[in-house]
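# Breakdown of the fold
So the chains spell out like this:
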Amino acid sequence: MKTPVAFEVIGLGAATVDYLWLVDEFHSTEGVWKSSGHARMGGGPVASALAVLAHFGTNTALVDVCGDDEAGRWLFRDFERLNVDTCFLQKQPGHSTARAIVLVRQGDGARQIHYLPSSAGEPILTKQCRAAIAAAKILHLNGRHDAVAVDAAQVAREAGTLISFDGGAGRYRAELRPLVEAADLRIVSREFAARYAGSDAIELQMSALSQVPARVVVVTDGAHGSYGLDSAGGIHHQPAHPVCPGLVDTTGCGDVYHGAFLHGWLQGWGLERCMEFASRLAALNASGLGGRFVCTLEPVAS
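How each quantity is defined
Residues numbered from 1 in each chain as written. Predicted model: local features only at pLDDT ≥ 70, side-chain atom pairs only at ≥ 80, totals over all residues. Heavy atoms only, no water. Helix = DSSP H or I, 4+ residues; strand = E, 2+ residues; numbered from the N terminus. Rg over C-alpha atoms; globule rule 2.2 N^0.38 Å. Buried < 20%, exposed > 50% of the residue type's maximum accessible area, 1.4 Å probe, protein only. Areas by Shrake-Rupley, 256 points an atom, 1.4 Å probe, with all protein chains shown as cover. Lys, Arg positive; Asp, Glu negative; His and termini not counted. Charge placed at Lys NZ, Arg CZ, Asp CG, Glu CD. Pairing = 2+ DSSP bridges. Axes fitted to C-alpha atoms, helices over the stretch in contact; angles between N-to-C directions. Parallel < 35°, antiparallel > 145°, perpendicular 65-115°, else oblique. Left-handed = near helix turned anticlockwise from the far one by under 90°. Contact = heavy atoms within 4.5 Å.

What follows covers the overall build of the protein chain. Of regular secondary structure, the protein chain possesses 9 helices and 14 strands. Over its C-alpha trace the protein chain gives a radius of gyration of 18 Å, about what one expects of a compact globule, namely 19 Å for 302 residues. Counting only C-alpha atoms and orienting by the principal axes, one finds that the protein chain spans roughly 55 × 45 × 40 Å. Here the protein chain, with 302 residues, has 52% of them falling under the buried criterion. Counting only carbon and sulfur atoms, one obtains 54% of the accessible surface of the protein chain, whose full area is about 13000 Å². A gap of 4 Å separates the mean positions of the 25 positive and 31 negative side-chain charges of the protein chain.

Here it is, written out as structure tokens:
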């Protein structure tokens, strides 16, 4: 096991094994249809952000729990291949690992996701894990494993470790507000921001999200780009990058945005440069199948 100081970013969140199929159309009736592409790839918002960070050389580790089934064994091998440390990925004998079937529609990248949760329960913050969080630069959360996340955030706050929060679309719950309020880096979807602020106005969303101790506030809005609150209190709009040579799959683009943004932040870049790089990496990810497609390519020059 690495010493705690070796990890720059510790992530706490659910890791999945995704089975992706590229289809011509979605169907609501019984039948058999041909697929034009297939991939097996790891998934999960926090886990995928860590994979992107590791792709650029950041020392990362994931805190989660999985089963000892074939999918769990595959997860361990895949994280090792990606250089995401698994010393805090706990394996529960006799339990299953989270899996998802992702149908991706050819042409527009729309998805239908069928998700099977893990039966392994919640991870445990061991003494070694707490020490690693306290020694890390960033703790990255998205609200999964609620009680454990609150505990981890408290460890980070007491140690001076920055807390990063990913508020994804469709994931807002009132119970997550304390985690958002504890976070230094707040990057959330437009839908999450609207529900958090109780308003569709980007200005009011930024105001609600910018309360102390926030250092970074970014709202992502898919094809409409992203919005960041600059040091002068103004709102910077980063247009979405075009997907070249063409859009294949939107799976994981927000997760890649988070990982790429945190990479830039760790390099000491300013807000606008971090947002541009994150947008560029998210667009590149959408040009292939799977939420970590960008990790199969050579690292992009920043």
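Structure shown, so let's carry the discussion forward.
Take the sheet that holds strand 7 (residues 99–105) next. Hydrogen bonds between backbone atoms are what pair the strands of a sheet, whose relative direction is either parallel or antiparallel. With respect to topology, 4 strands assemble into an open sheet ordered 3-2-7-8, the strand pairing being mixed. With one partner strand each, in any of the chains shown, strand 3 (35–43) and strand 8 (111–116) form the two edges of the open sheet. Here the strands of the sheet are splayed against their neighbours by 15° on average, with no regard to which way each runs. Sheet analysis places strand 2 (residues 16–23) next to strand 7, joined by 7 bridges and oriented parallel. Bridged to D18 within strand 7 is A100.

Two quantities define a packed helix pair, namely the angle between the helix axes and the distance between the axes. As a packed pair, helix 1 (residues 45–55) and helix 8 (residues 253–266) sit with axes 7 Å apart at the nearest point and diverge in direction by 45°. Of the possible angle classes, the one that applies to helix 1 and helix 8 is oblique. Relative to helix 8, the crossing made by helix 1 is right-handed. For the pair helix 1 and helix 8, the contacting residues are P45, S48, A49, V52 and L53 in the first and D255, V256, H258, G259, A260, L262, H263 and L266 in the second.

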